[in-house]
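# A look at the structure
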Amino acid sequence: MELINFDRIHWQLKVNYGATTELVDNLIDTGFGDFPEKVIQIGKSIVAEYVSGVLSVPQNPIRGKLLSFIKSQGGKEECSLYRSNLKTDRYNAALYNGTLCRLSGTEHPEDYLYYTSIVVPAALTVAEKEIKEGKRVIEAVVLGVETMLRLKDAAKTVPKQRGLDPTSTFGPFGSAVATAKILGYDAEFFEDTLSLCPSQSAGAFRSSYYKDGDSGYLTSGFASSYGIRCAYLAEKGLSGPRGILEGNMGYFECISGLHDDNITPRYDISCINNDFGNTWQICRLKN
């Protein structure tokens, strides 16, 4: 059997090894006290958009089916389901609450990237069990959304040239960052969390169309739930490869690929960390 060395790179390809580690350091070093007032207000408006959305959802067949599914799963009663008097485990709570936000139709995506219905349910679900501090929630939401936007910027080709749904592709990272920021811990924990995300971080763009079945409403819930799971798996010491974002057969080469010369990347990994904490991509959102 031929063994593949996944760490080797084309000698011509200048890969920015260390991008994942740098992102981890930026996420750990940046907190609520570093946010400009405009960023804080955007974070609050994202949370408000989410709450308004989930509280306005009428009875809906998809909501009913999902609630029936969650009831059948049982699970620990630790986190609230909006518009319901039930509680369930953190993973199914994020699945349900994220889907509920998408069903409301109130969310404003950024170039097909839904973020409110992913990051906020993750932050609030984890915070319900772990903390009661509003500032920590805003901190988690801002950094989760900022990470999603920067990853999408770096990818370049999603979804315009590659048939990937941005919400499914970048969403687990946003949820994972929000969860990891609330849980805390060290750099190793953060990188373990991020390293697990790509295992279920992609989806066909067609799946996000509402007219083609119910999956278009579920994609946010899936991403929110999986990001939380990554963080709690990392808490138990589970991990993926180091430097998962960069390098040969890494995350970006997978989702964006190389040009026809099989050397030049179609992505720009410098977008992930460029001027992090000084320039805020979250400020371009229309909230």
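Computed from a predicted model, the values in this text were never measured in an experiment.

### Brief notes about the overall build of the protein chain
Along the protein chain, the regular secondary structure elements total 10 helices and two strands. When the helices and strands of the protein chain are placed in sequence order, the string is α-α-α-β-β-α-α-α-α-α-α-α. By the compact-globule yardstick of 19 Å for 287 residues, the protein chain fits well, its C-alpha radius of gyration being 18 Å. With the C-alpha coordinates of the protein chain rotated into their principal frame, the extents come out at 60 × 45 × 40 Å. For the protein chain, with 287 residues in total, the buried portion stands at 54%.

### Regarding the packing of aromatic side chains
Applying the stated criterion across every chain yields a total of 11 aromatic pairs. Ring geometry for Y185 against F189: centres 4.9 Å apart, planes inclined by 75°, an arrangement best described as edge-to-face. Taken together, F32, F35, F276 and W280 form an aromatic cluster joined through their ring pairs. The side chain of R102 reaches across the aromatic face of Y114, ending 3.7 Å from its centre. Lying across the ring of Y91, R229 places its NZ or CZ 4.1 Å from the centre.

### Overview of unusual backbone geometry
Residue R83 is not a glycine yet carries a positive backbone phi of 60°. Residue position: R83 is located in the loop between β1 (79-80) and β2 (87-88). Located in the positive-phi region is D111, a residue other than glycine, with phi close to 55°. Looking at where D111 falls in the secondary structure, it is placed in the loop between α4 (90-104) and α5 (116-130).

### Notes on the nonpolar core
Counting 86 residues, the largest nonpolar core has I46, V141, V145, L245, F252 and I282 as the members making the most contacts within it. Counting residues per element, this core draws most heavily on helix α6 (residues 134-155), which supplies 12 residues. When sequence neighbours within four positions are dropped, the list of residues in contact with F252 reads L151, A154, A155, L245, G257, Y267, I269 and I272.

### Digging into the pattern of salt bridges
This structure, assessed with the given rule, holds seven salt bridges. In this structure, R284 engages E110 in a salt bridge whose closest nitrogen and oxygen atoms are separated by 3.0 Å. With R284 in the segment after α10 (251-255) and E110 in the loop between α4 and α5, this pair connects stretches of sequence that are 174 residues apart. Residue classification places E110 among the buried positions, given a relative accessible area of 19%. The salt bridge partner of R284 is D153, with a shortest N-O separation of 2.8 Å. Residue R284 is located in the segment after α10, and its partner D153 is located in helix α6; the two are separated by 131 residues in the primary sequence. Residue R284 is classed as partly exposed on the basis of its relative accessible area, which comes to 32%. Judged by its relative accessible area of 23%, D153 falls in the partly exposed class. Residues participating in the shared-partner salt-bridge network are E110, D153 and R284.

### Digging into the packing of α5 against helix α9 (residues 215-235)
The N-to-C vectors of α5 and α9 enclose an angle of 45°; their axes lie 8 Å apart at closest approach. Judged on the interaxial angle alone, α9 and α5 are oblique. You can see that α5 and α9 cross each other, and the crossing is right-handed. The residues of α9 that touch α5, namely those facing S117, I118, P121, A122, T125, V126 and E130, are S220, A223, S224, I228 and Y232.

### Examining helix α1 (residues 19-29)
Helical geometry: 3.6 residues make up each α-helical turn, so side chains three or four residues apart lie on a common side. Among the residues of α1, A19, T20, L23, V24, N26 and L27 are the ones counted as buried. All buried residues of α1 fall inside an arc of 165° around its axis, so they share one side. Where the residues of α1 are buried, they touch α6, α7 (166-183) and α8 (187-196).

### Details of the packing of α7 against α8
The contact between α7 and α8 brings their axes to 10 Å, and the two run at 160°. Comparing the axis directions of α7 and α8 gives the class roughly antiparallel. Handedness of the α7/α8 crossing: right-handed. Together, F173, A176, V177, A180, K181 and L183 of α7 and F189, F190, T193 and L194 of α8 make up the contact between the two elements.

### So, the side chain of D89
Counting through the fold element by element, D89 comes out in the loop between β2 and α4. Although D89 is buried, it makes no salt bridge; R229 carries the closest opposite charge, 5.6 Å away. At 3.4 Å, the side chain of D89 forms a polar contact with the side chain of T88. With sequence-adjacent residues up to four places away left out, D89 is seen in contact with G74, G75, K76 and E78.

Quick notes on the rules
Residues numbered from 1 in each chain as written. Predicted model: local features only at pLDDT ≥ 70, side-chain atom pairs only at ≥ 80, totals over all residues. Heavy atoms only, no water. Helix = DSSP H or I, 4+ residues; strand = E, 2+ residues; numbered from the N terminus. Rg over C-alpha atoms; globule rule 2.2 N^0.38 Å. Buried < 20%, exposed > 50% of the residue type's maximum accessible area, 1.4 Å probe, protein only. Phe/Tyr/Trp six-rings, centres within 6.5 Å; stacked < 30°, edge-to-face > 60°. Lys NZ or Arg CZ within 6 Å of the ring centre and 35° of its normal. Core = buried A, V, L, I, M, F, W, Y, C linked by side-chain atoms within 4.5 Å. Contact = heavy atoms within 4.5 Å. Salt bridge = Lys/Arg side-chain N within 4 Å of Asp/Glu carboxyl O. Axes fitted to C-alpha atoms, helices over the stretch in contact; angles between N-to-C directions. Parallel < 35°, antiparallel > 145°, perpendicular 65-115°, else oblique. Left-handed = near helix turned anticlockwise from the far one by under 90°. Arc of directions from axis to C-beta. Lys, Arg positive; Asp, Glu negative; His and termini not counted. Polar contact = N/O pair within 3.5 Å; in protein donor to acceptor, adjacent residues only side chain to side chain.

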